[in-house]
Amino acid sequence: MITLLDYGAGNVRSVINAIESLGETVKIVNSAEDILSAEKLVFPGVGAFGSMIHILHQKKFVEPLKAYIKSDRPFLGICLGLQALFEHSAEAPHLSGLGIIAGSVKRFDTDLSVPHIGWNGLNVKQPARIFTGLNGDEKFYFVHSYHVDVADPSVILTTSDYGYEFVSSIQTGNITACQFHPEKSGRAGLLILKNFLETTGQAIKPVRLSSRTTLAKRIIACLDVRANDQGDLVVTKGDQYNVRENGDVRNLGRPVELARRYYQEGADEITFLNITGFRDFPLEDMPMLEVLRQTSKNVFVPLAIGGGIRDYKDKDGRQYSALEVATEYFRSGADKVSIGSDAVLIAEAYLADGRPSGRSSIEEISRVYGNQAVVVSIDPRRIYVNSPQAVEHQVIKTAIAGSDGEQYCWYQCTIKGGREGRELDAITLAQVCEKLGAGEILLNCIDRDGTNMGFDIELINAVAAAVSIPVIASSGAGCVAHFQEVFTATEAESALAAGIFHRREIPIEDVKNYLAEHQVEVRR
Ligand code: 1PR
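**Digging into the overall build of the protein chain**
When helices and strands are counted, the protein chain shows 16 helices and 30 strands. Against the compact-globule benchmark of 24 Å for 524 residues, the protein chain has a radius of gyration of 23 Å, which places it among compact chains. Here the protein chain holds 524 residues, and 60% of them are scored as buried. Long-range pairs, those at least 24 residues apart, make up 71% of the contacts in the protein chain with a sequence separation of at least 6. For the protein chain, the computed accessible surface area is about 20,100 Å², with 46% contributed by carbon and sulfur atoms. A gap of 3 Å separates the mean positions of the 53 positive and 66 negative side-chain charges of the protein chain.

Okay, here's the thing in structure tokens:
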């Protein structure tokens, strides 16, 4: 029996699912007594340090946690569950951590995109049981803006490199704690969890020891989901966002099955977009929550969900906040939510008022769940103009001239799945959303969607240069070379594709093999 400390934030479901997939039962902590009587305690933390510490105090879990850890029974901290062990965090300087490990938590100080999101390796510094069965060259899923800084180097179990070397896990006595998410790290992560659960193995070092690790470029499979005319939830695929063919919604398969297939084929992440979410109330749309619950039972890579993340009033006049909607998604197995239409309206309001409202979905969700949990999905289309002064938007010079020979264009934001164009450009939207707390940009492109023409490199470069958060390039992938192009010609951290995977034109493995042959780091 594993006791799991769920303090109410983030995706605890995937930790439970991962442990259960290993044949263990999980007991969720409801009281201080549950912590004190645990035999093996797992503390997964997702979100923001400050809100985590507040909740731990509110629930009176701080002293029992300290007592449990001091009793030297097996403890596994994950992500914030590692950071919580330290004395302080720069994320919430006025609060104290548990103070079990000497040192503090610092924000990444690097020119690279922050948060550090994606699959990175481990430099192993000491033997441990949790490495049993690993080769040493596996990659694990990280998502964090802060990392621990230990006072006593003897506790360092692994380091990883992102701009510089940082501590990615610690070990002392029966305490193991890692910055990465084993529950989201595919087979290698499950092995680490299994080794933690079986307390009998020998401490070892993996055979292939690295001295420097590299963040992999991520390949994301995207599933656009909606009900077809018969009312079945299907994965569909648009051609420049038009998902109908001969009047019917294209049906490319069932969401849960396709997601499982992509996980097995090596997708680094799976994104579900509820593409009619803008007009439905998602908490009534239980099938989408069920898709997440089912998928997260056996898909152990990050899951993002978008569509309809905004405030609602239901037919009885009850108000639901975007935070409540997102919370349901997180509790059903999502690691991130992706905000589309609402982000455009938020940015417009911010630009009109000259200041943040403090209550937008982006701000509220990132405050509680952390910036890394908030993706902004942009649906832009090109509008050609004759000169940079022609409009009051951020205009770029383009090598792909317009039909009347125009040399310039801007990227118009749209809402409601491309149905409505707005007076806002994609570059400004990305910048405003970063300011408000978004942790990642999912950059679609209506002109390229479903065309197999390749990614819009100019768009991706323009947006990636304007923000310091990671950018996911999306729309237009048609062959393996397009992935190499997007990773060499732009700063995109990951590339998302849909049609070529759904139609089985190119297996994910072929994309990764091609990238590896061309010196692009990938997770294999
Ligand atoms: O506005 O917050 O409710 O979110 C709605 C979400 O649904 C947005 O993220 C929006 O991008 C998405 N969406 C809405 N309508 C469509 C549509 O296709 N009619 N899909 C849609 C967007 C674009 C990508 C696609 C890539 C790769 N789909 O997700 O997967 O373009 O495709 P490809 O590799 O085949 O070219 P809200």
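**Re the site of the ligand**
Surveying the vicinity of the ligand reveals 25 residues, the closest of which are Lys-237, Ser-341, Asp-379, Asp-449 and Ser-475. In this structure, Gly-340 approaches the ligand through a main-chain N or O atom, which is 2.9 Å from an oxygen atom. Within the backbone of Ala-498, one N or O atom sits 2.9 Å away from an oxygen atom of the ligand. Surface burial for the ligand is 99%, taken as the share of its 770 Å² of free accessible area covered by protein chains. Elements with a minimum of two residues in the shell around the ligand: β14 (218-227) and β30 (494-497). Its residues assigned to classes, the shell around the ligand comprises nine nonpolar, 12 polar and four charged.

**Remarks on the pattern of salt bridges**
Considering all chains together, one arrives at 29 salt bridges under this definition. In this structure, the salt-bridge partner of Asp-456 is Arg-382, at a minimum N-O distance of 3.3 Å. Remark: Arg-382 occurs in strand β24 (residues 380-385) and Asp-456 occurs in the loop between β28 (440-443) and α13 (457-466); sequence separation between them is 74 residues. One exposure class covers both Asp-456 and Arg-382, and it is buried.

**Digging into the state of the cysteines**
Taken as a whole and assessed by the stated rule, the structure comprises zero disulfides. Here Cys-222 is not disulfide-linked; the sulfur of Cys-445 is the nearest cysteine sulfur, at 14 Å. Note on Cys-433: no disulfide assigned, nearest cysteine sulfur contributed by Cys-413 at a separation of 8.4 Å. Among the residues examined, Cys-433 registers a relative accessible area of 0% and is labelled buried.

**Re helix α6 (residues 186-197)**
Over its 12 residues, α6 extends 17 Å from the first C-alpha to the last, a length consistent with the 16 Å expected when each residue adds 1.5 Å. Buried residues dominate α6, accounting for nine of its 12 residues. Those residues of α6 that sit buried are Gly-186, Ala-188, Gly-189, Leu-190, Ile-192, Leu-193, Asn-195, Phe-196 and Leu-197.

**Things to note about the packing of helix α7 (residues 255-264) against helix α8 (residues 286-298)**
Helices that pack against each other are described as a pair by the angle of their axes relative to one another and the distance between those axes. Two elements in contact, α7 and α8, have axes whose closest approach is 9 Å; the angle formed by their N-to-C orientations is 25 degrees. Judged by the angle between their axes, α7 and α8 are roughly parallel. Here α7 and α8 pass one another in a crossing that is right-handed. On α8, the residues that touch Pro-255, Val-256, Ala-259, Arg-260 and Tyr-263 of α7 are Val-291, Gln-294, Thr-295 and Asn-298. When the residues that make up the contact of α7 with α8 are grouped by side-chain class, the tally is five nonpolar, three polar and one charged.

**Considerations on the packing of aromatic side chains**
Per the stated rule, a full pass over the model turns up 13 aromatic pairs. Ring centres of Phe-108 and Tyr-162 lie 5.5 Å apart, and the angle between their planes is 80 degrees; on these two criteria the pair is classed as edge-to-face. Of this pair, Phe-108 sits in the loop between β6 (103-107) and β7 (116-120) while Tyr-162 sits in strand β11 (residues 156-162); the two residues are 54 residues apart in sequence, bridging distant segments of the chain. Assigned by exposure class, Phe-108 and Tyr-162 land together as buried. Judged by centre distance (6.0 Å) and plane angle (50 degrees), the ring pair of Phe-108 and Tyr-164 falls under tilted. Linking Phe-108 in the loop between β6 and β7 with Tyr-164 in strand β12 (residues 164-172), this pair joins segments that are 56 residues apart in sequence.

**Describing the pairing of strand β22 (residues 336-339)**
Of the two faces of β22, both are covered, the one formed by Lys-336 and Ser-338 as well as the one formed by Val-337 and Ile-339. In this sheet, β22 lies alongside strand β19 (residues 303-306) in parallel orientation, the contact comprising three bridges. Bridge assignment links Ala-304 to a residue of β22, and that residue is Lys-336.

**Section: the environment of Asp-335**
In this fold, Asp-335 is placed in the loop between α9 (322-331) and β22. With relative accessibility at 17%, the residue Asp-335 sits in the buried group. Counting along the chain gives 34 residues from Asp-335 to Val-301, while the straight-line C-alpha distance between them is 9.3 Å. Only 2.9 Å separates the side chain of Asp-335 from the side chain of Lys-184, close enough to count as a polar contact.

**Observations concerning the packing of helix α12 (residues 426-436) against α13**
The N-to-C vectors of α12 and α13 enclose an angle of 30 degrees; their axes lie 9 Å apart at closest approach. What the angle tells us is that α12 and α13 run roughly parallel. Relative to α13, α12 is oriented so that their crossing is right-handed. Across from Ala-426, Ile-427, Ala-430, Gln-431 and Glu-434 in α12, the residues of α13 making contact are Leu-459, Ala-462, Val-463 and Ala-466. Broken down by class, the residue content of the contact of α12 with α13 amounts to seven nonpolar, one polar and one charged.

Rules used throughout
Residues numbered from 1 in each chain as written. Predicted model: local features only at pLDDT ≥ 70, side-chain atom pairs only at ≥ 80, totals over all residues. Heavy atoms only, no water. Helix = DSSP H or I, 4+ residues; strand = E, 2+ residues; numbered from the N terminus. Rg over C-alpha atoms; globule rule 2.2 N^0.38 Å. Buried < 20%, exposed > 50% of the residue type's maximum accessible area, 1.4 Å probe, protein only. Contact = heavy atoms within 4.5 Å. Areas by Shrake-Rupley, 256 points an atom, 1.4 Å probe, with all protein chains shown as cover. Lys, Arg positive; Asp, Glu negative; His and termini not counted. Charge placed at Lys NZ, Arg CZ, Asp CG, Glu CD. Near = heavy atom within 4 Å. Polar contact = N/O pair within 3.5 Å; in protein donor to acceptor, adjacent residues only side chain to side chain. Nonpolar A, V, L, I, M, F, W, Y, C, P; charged D, E, K, R; others polar. Salt bridge = Lys/Arg side-chain N within 4 Å of Asp/Glu carboxyl O. Disulfide = S-S within 2.5 Å. Expected span 1.5 Å × (residues − 1). Axes fitted to C-alpha atoms, helices over the stretch in contact; angles between N-to-C directions. Parallel < 35°, antiparallel > 145°, perpendicular 65-115°, else oblique. Left-handed = near helix turned anticlockwise from the far one by under 90°. Phe/Tyr/Trp six-rings, centres within 6.5 Å; stacked < 30°, edge-to-face > 60°. Pairing = 2+ DSSP bridges.

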